[in-house]
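Structure at a glance
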Amino acid sequence: MLLTPNAMGPRLRIGLYLTTALIALFLLLPILFIVLLSFGSSQWLVFPPPGWTLKWYEQFFSNPEWMASVLTSLKVAVITTLCAVALGLPTAFALVRGRFPGRELLYALFTLPMIVPLVIIAVAVYALFLKLGYTGTLFSFVASHVIVALPFTIISIINSLKLFDQSIEDAAVICGASRLQAVYRVTFPAIRPGMVAGALFAFLVSWDEVVLSVMMASPTLQTLPVKMWTTLRQDLTPVIAVASTLLIGLSVLIMVIAAALRRADRPEHPAEA
């Protein structure tokens, strides 16, 4: 039996709220520090800042190298998202509805990138693309990011498919629709939350990825995390905090959008009398 806050005693309820607040503070303080440092007037990462300024944001947005890395990150993340959904959707259908030997093993293989240390995947992918001559290209970025983003997309869609009542799709077929029409008009709208969640996870995985991106990068093609990494090795200025704030800001925006879409897709039940 689950206890709700109203069913708890006042001391237990206060303790629960206090513990939750402390955990949230512990998780959010580093992020808050980074955001504040991006507005600091010191040319070094000093906390608390001696003053406040927007000059680091001006330097960031006026620097063509930083802007190029942002555009590259967005381009790679969008293409990775499209590829992950395009590959993950039929894969999820096959794993949920398919009846073939080795299905469980195949599912384990698809989720393997979530378990294997990322540096091992990065070294293997780098060795492959170096042999093929594809390092430092947009293709190498997208292909390597799809490898680590695809499991999140597959799992999200699989969870939605398992919750979907396939008899509704069968009823559409009985009423005269083809199987493809039934899937497109009945199943896809029903599993849309899982598809959207998988797409958002794929975007965030690609947007924040640094290990694979460092391996695939070239002097002329770098994502924002790679640009931050190379800049950190040369100079430690608040411009790094600006880039970090933008990374965090977009990630938070994606999570807010995901929460809004989940709420929009949630069915409304009439209040029980």
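From a predicted model like this one, the values you see are computed outputs, not experimental measurements.

Let's talk about the pattern of salt bridges
For the structure on display, the rule yields four salt bridges. For K227, the salt bridge goes to E65, with nearest N and O atoms at 2.8 Å. Of the two residues, K227 is situated in helix α11 (residues 224–232) and E65 in helix α3 (residues 64–97); the sequence distance between them amounts to 162 residues. Overall, the relative accessible area of 12% leaves K227 in the buried class. Measuring nitrogen to oxygen at the nearest pair gives 3.0 Å for the salt bridge that ties R179 to D170.

Digging into the packing of aromatic side chains
Per the stated rule, a full pass over the model turns up nine aromatic pairs. Their ring planes at 65° and their centres at 5.4 Å tell us that Y134 and F139 sit as a pair that is edge-to-face. On the accessibility criterion, F139 (47% relative accessible area) is partly exposed. The structure contains a cluster of three or more aromatic residues connected by ring pairs, namely F60, F61 and W66. Its guanidinium or amino end placed over the ring of W66, K227 lies 5.5 Å from that ring's centre, counting from NZ or CZ.

Thoughts on helix α2 (residues 55–62)
Those residues of α2 that sit buried are W56, Y57 and F60. Seen along its axis, α2 keeps its buried residues to an arc of 100°; they face one direction. Exposed and facing more than 90 degrees away from the buried side of α2 are E58 and S62.

Description of the packing of helix α8 (residues 179–190) against helix α9 (residues 192–208)
It is the contact of α8 with α9, at a shortest axis distance of 4 Å, that shows an interaxial angle of 60°. Counted together, F188, P189 and A190 of α8 and R192, P193 and M195 of α9 form the full contact between these two elements. A breakdown of the residues in the contact of α8 with α9 according to their chemical character gives five nonpolar, no polar and one charged.

Describing the packing of α3 against α9
The interhelical angle for the contact between α3 and α9, taken along N-to-C directions, is 140°, at an axis separation of 8 Å. In the crossing of α3 with α9, the sense of the turn from one axis to the other is right-handed. Judged by residue contacts, V70, S73, L74, V76, A77, V78, T80, T81, A84, V85 and L89 of α3 engage M195, A199, A202, F203, S206 and W207 from α9. Taken together, the residues of the contact of α3 with α9 sort by class into 13 nonpolar, four polar and no charged.

Section: the nonpolar core
Among soluble globular proteins, nonpolar side chains are generally buried collectively. F60, W66, L224, M228 and A243 are the most contacted members of the largest nonpolar core, which has 19 residues in total. Where this core is concerned, the elements lending two or more residues are α2, α3, α9, α11 and α12 (238–265). It is α12 that contributes the most residues to this core, seven residues altogether. In contact with M228, other than residues within four places in its own chain, are W66, I240, A243, S244 and L247.

Digging into helix α5 (residues 118–132)
The first and last C-alpha atoms of α5 sit 21 Å apart over 15 residues, in line with the 21 Å expected at 1.5 Å per residue. Looking at the buried side of α5, the elements it contacts are α6 (138–163) and α10 (211–216). Downstream of α5 by a residue or two, G133 has a phi angle that is positive, lying close to 80°.

What to know about the side chain of S156
Structurally, the position occupied by S156 is in helix α6. Assessed through its relative accessible area of 12%, S156 is described here as buried. Looking at S156, its side chain comes within polar contact range of the main-chain oxygen of F152, at 2.9 Å. Beyond its immediate stretch of four places on either side in the chain, S156 contacts G194, A197, G198 and F201.

Let's talk about a nonpolar patch on the surface
On the surface, F100, L105, L106, L109, L112, M114 and I115 cluster together to form a nonpolar patch covering roughly 650 Å² of accessible area. You can see L106 is positioned in helix α4 (residues 103–110). Look at L106 and you get partly exposed, because its relative accessible area is 31%.

Scoring rules and cut-offs
Residues numbered from 1 in each chain as written. Predicted model: local features only at pLDDT ≥ 70, side-chain atom pairs only at ≥ 80, totals over all residues. Heavy atoms only, no water. Salt bridge = Lys/Arg side-chain N within 4 Å of Asp/Glu carboxyl O. Helix = DSSP H or I, 4+ residues; strand = E, 2+ residues; numbered from the N terminus. Buried < 20%, exposed > 50% of the residue type's maximum accessible area, 1.4 Å probe, protein only. Phe/Tyr/Trp six-rings, centres within 6.5 Å; stacked < 30°, edge-to-face > 60°. Lys NZ or Arg CZ within 6 Å of the ring centre and 35° of its normal. Arc of directions from axis to C-beta. Axes fitted to C-alpha atoms, helices over the stretch in contact; angles between N-to-C directions. Contact = heavy atoms within 4.5 Å. Nonpolar A, V, L, I, M, F, W, Y, C, P; charged D, E, K, R; others polar. Left-handed = near helix turned anticlockwise from the far one by under 90°. Core = buried A, V, L, I, M, F, W, Y, C linked by side-chain atoms within 4.5 Å. Expected span 1.5 Å × (residues − 1). Polar contact = N/O pair within 3.5 Å; in protein donor to acceptor, adjacent residues only side chain to side chain. Patch = residues over 30% accessible without salt bridge, like charges linked within 9 Å, V, L, I, M, F, W, Y side chains within 5 Å. Areas by Shrake-Rupley, 256 points an atom, 1.4 Å probe, with all protein chains shown as cover.

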